[in-house]
Amino acid sequence: MKKTILIALLISAACSGFAQNKKTATKYTAIKPVGVIKNLSDSALLDVVQRQTFRYFWDFAHPVSGMALERSNVAFDYGGEVVTTGGTGFGIMAMIVAVDRKWIPREQAVDRMLNMVKFLAKADAYHGVFPHWLNGETGKIIPFGRKDDGGDLVETSFLFQGLLTAKQYYSGNTPKEEELRNRIGWLWSEVEWDWYTHERDNLYWHWSPNNGWAMNFPIRGFNECLITYVLAACAERYPVDADRIYNRGWAQSDFFKNGRSFYGIKLPLGFDYGGPLFFTHYSFLGLNPKGLKDKYADYWEQNVNHTRINYAYCVDNPKKFKGYGENCWGLTASDNHEGYNAHSPTNDLGVITPTAALSAFPYTPKESMKALRHFYYDLGDKIWGEYGFVDAFNEGKNWYAKSYLAIDQGPIVVMIENHRSGLLWNLFMSAPEVQGGLKKLGFESPAIKNN
């Protein structure tokens, strides 16, 4: 796929290992991409996939801000300066994996993080809440839609899931790490969660200085937004009545409780057949579902069963799409041959999205490993590239994406790591802010300290 000159320059700058701003040029260690390597063990293959996928957030980061570019190609009428706040949160967590596995030096990661949080401190925000998209050079908002030109509470939650995890990880007694923790704390303290209740029993997704509450989108479950309510419950400077908005807002929709069985598998919450698999990923990059319970669900059961239903549907393949089976499965939101869609068993277009099965490693390790080996060895160069696996493919249409998306690449690195070591789960769940928020909402978890 052709790229604009701007994107080509960004790739060139990133792959040379430089992040450039107007005052300084900081040299970073570049990670060299590799092709398909034969006869890898499972562990070695996971290493290769995590490391190459991480390149999206390291070598392909915006050269000024260090933030994650929305996508690798220019599409949908927006340009190469678009960085994503939520995708950057995922990338921050992926960077922790890279440091911990010694793919990049810790000092360079701290420098990159400081660059990002300094950029965010000057970027457009609305009552402390960042927009979905920013210009990665100027920090000015790039509207996500005609009226979506203000704060995006859900994308901001994904960002802070990453920032609070980083605050726990970069705990060193050095001036830079201390500064990083302080700056994250300042950004965190400025989020006005109470403003985004609209003085009602709900959190609202959007607010704009130009359009106010015109988007009128209350955040109700069950979907990818559980993390938003958990973080709102953590707030101290701008607190919300956490118990009230959680039970009267989040838990009040006609698609919250389910309780029916699909393919003989019970689904406690959510849409029939579970919906797209990113529901089991985005909020749970840091929020550990193992042993996590409230009065509505056991979230480990919820996520495992949702994933198993998605897998069973692809194996059953009722629409007889080419390629589907026990080695090739996973329906979630991604690019497709027609543009972009949220794929699921009830919205199946014949499109398999690698992040769906690969980010499900904690829930379905055997099935995910079969899919990984198929993607890597059988489909090989059709979908394996410089930033890991491309976004999606449709074998029936002989269509293989050339694009990579931040919100799809990030969960691959993070959730594989949670499967392998629990690193991000352990860090995020240990944050005192998170501990307090979970207690306020009445959650149970082995990670919650009772003192």
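As shown above, the structure is provided for reference.
Computed from a predicted structure; not experimentally measured.

Caption draft 1: Up close: the environment of aspartate 254. Note on placement: aspartate 254 falls in the loop between α8 (242-250) and β7 (261-262). Counting along the chain gives 93 residues from aspartate 254 to glutamine 161, while the straight-line C-alpha distance between them is 27 Å.

Caption draft 2: Looking closely at the packing of aromatic side chains. In the structure shown here, the tally under the stated rule is 43 aromatic pairs. Seen from their ring centres, phenylalanine 222 and tryptophan 250 are 6.1 Å apart, and the 65° between their planes marks the pair as edge-to-face. Here phenylalanine 222 is found in the loop between β6 (206-207) and α7 (226-234), whereas its partner tryptophan 250 is found in helix α8, with 28 residues between them in sequence. Of the residues examined, tryptophan 250 reaches a relative accessible area of 0% and is grouped as buried. When the centroid spacing of 6.0 Å and the interplanar angle of 70° are considered together, the rings of phenylalanine 375 and phenylalanine 389 count as edge-to-face. Here the residue phenylalanine 375 occupies a position in helix α11 (residues 365-379), and phenylalanine 389 occupies one in strand β12 (residues 388-389), the gap between them amounting to 14 residues. Grouping residues by exposure puts phenylalanine 375 and phenylalanine 389 together as buried. Taken together through their ring pairs, the aromatic side chains of Phe222, Tyr229, Tyr246, Trp250, Phe256, Tyr296, Tyr299 and Phe443 make up a single cluster. The aromatic ring of tryptophan 58 is capped on one face by arginine 112, whose charged end is 4.1 Å from the ring centroid.

Caption draft 3: Examining the nonpolar core more closely. If you look at the biggest cluster of nonpolar residues, it comprises 143 residues, and the most contacted ones within it are Phe54, Met113, Tyr170, Tyr299 and Phe375. Non-local contacts of methionine 113, meaning those with residues more than four positions away in its chain, are made with Ile92, Met95, Leu163, Ala166, Tyr170, Leu180 and Ile184.

Caption draft 4: Up close: the environment of leucine 159. You can see leucine 159 is positioned in helix α5 (residues 153-169). Assessed through its relative accessible area of 0%, leucine 159 is described here as buried. Between the C-alpha atoms of leucine 159 and phenylalanine 428, which are 269 residues apart in sequence, the distance is 13 Å.

Caption draft 5: Layout of the pairing of strand β9 (residues 333-336). For β9 and strand β10 (residues 339-342), the ladder comprises four bridges, and the chain directions are antiparallel. In the strand pairing of β10, serine 334 is matched with asparagine 341. Taking the residues that link successive antiparallel strands as the turn, the β9-β10 hairpin has two residues.

Caption draft 6: Molecular detail of the pattern of salt bridges. Tallied over the full model, the rule gives 16 salt bridges. The salt bridge involving glutamate 179 is made with arginine 183; its shortest N-O contact spans 2.9 Å. Here the residue glutamate 179 and the residue arginine 183 both occupy positions in helix α6 (residues 175-189), the gap between them amounting to four residues, near one helical turn. Notably, a salt bridge pairs aspartate 241 with arginine 244, separated by 3.3 Å at the nearest N-O pair. Looking at aspartate 241, the relative accessible area reads 41%, which means it is partly exposed. The class of arginine 244 is partly exposed, set by a relative accessible area of 27%. Salt bridges here are not isolated pairs; linked through shared partners, they connect Asp47, Arg101, Glu417 and Arg420.

Caption draft 7: Layout of the packing of helix α4 (residues 106-122) against α6. Two elements in contact, α4 and α6, have axes separated by 10 Å at closest approach and are oriented at 30°. Considering their axes alone, α4 and α6 lie roughly parallel with respect to each other. Our pair here, α4 against α6, has a crossing hand that is left-handed. Contacts between α4 and α6 involve Arg106, Val110, Asp111, Met113, Leu114, Val117, Lys118, Leu120 and Ala121 from the first element and Lys176, Glu177, Glu179, Leu180, Arg183, Ile184 and Leu187 from the second. Tallied by class, residues from the contact of α4 with α6 come to nine nonpolar, no polar and seven charged.

Caption draft 8: Spotlight on α11. Counted at 1.5 Å a residue, the expected span for α11 with its 15 residues is 21 Å, and the 20 Å between its end C-alpha atoms agrees. Its buried side turned inward, α11 meets α2 (42-58), α10 (354-358), β11 (384-385), β12 and β13 (393-394). Directly beyond the C-terminal end of α11, a positive phi value near 45° is found at glycine 380.

Rules behind the numbers
- Here the residue numbers are simple positions, counted from 1 along each chain's written sequence.
- Reporting in this predicted model follows two pLDDT cut-offs: at least 70 for local features of residues, and 80 or more for side-chain atom pairs to be given and counted; totals over whole chains, interfaces and linings ignore these cut-offs and use all residues.
- To get the side-chain values, take all heavy atoms of the structure and skip hydrogens and water.
- Put simply, DSSP H or I for four residues or longer makes a helix, DSSP E for two residues or longer makes a strand, and each gets a number counted from the N terminus.
- Only rings of Phe, Tyr and Trp enter the pairing, Trp through its six-membered ring, and a pair is recorded when the two centres are within 6.5 Å. The plane angle decides the type: under 30 degrees is stacked, over 60 is edge-to-face, the rest tilted.
- Think of it in three bands: residues with accessible area under 20% of the maximum for their type are buried, residues over 50% are exposed, and the middle band is partly exposed, with areas taken using a 1.4 Å probe on protein chains only.
- Remark: a charge is flagged as sitting over a ring if the NZ atom of Lys or the CZ atom of Arg is within 6 Å of the ring centre and within 35 degrees of the ring normal.
- Here the nonpolar core consists of buried residues drawn from Ala, Val, Leu, Ile, Met, Phe, Trp, Tyr and Cys, with membership extended through side-chain atoms lying within 4.5 Å.
- For this analysis, residues touch if any pair of their heavy atoms sits within 4.5 Å.
- Paired strands, as defined in this entry, are two strands with at least two bridges between them according to DSSP.
- When a carboxyl oxygen of Asp or Glu is within 4 Å of a side-chain nitrogen of Lys or Arg, the pair counts as a salt bridge.
- Every axis corresponds to a line fitted to the C-alpha atoms, with the helix fit spanning only the stretch in contact, and the corresponding angles, defined between N-to-C directions, vary from 0 to 180 degrees.
- Roughly parallel here means an angle under 35 degrees, roughly antiparallel means over 145, roughly perpendicular means 65 to 115, and every remaining angle is called oblique.
- By convention the crossing between two helices is left-handed if the near helix lies anticlockwise of the far one by an angle smaller than a right angle, and right-handed if it lies clockwise.
- The classification used treats Ala, Val, Leu, Ile, Met, Phe, Trp, Tyr, Cys and Pro as nonpolar, Asp, Glu, Lys and Arg as charged, and all other residues, Gly among them, as polar.
- Expected helix span is computed as 1.5 Å times (number of residues minus one).

By themselves, these are just geometric observations and shouldn't be taken as functional.
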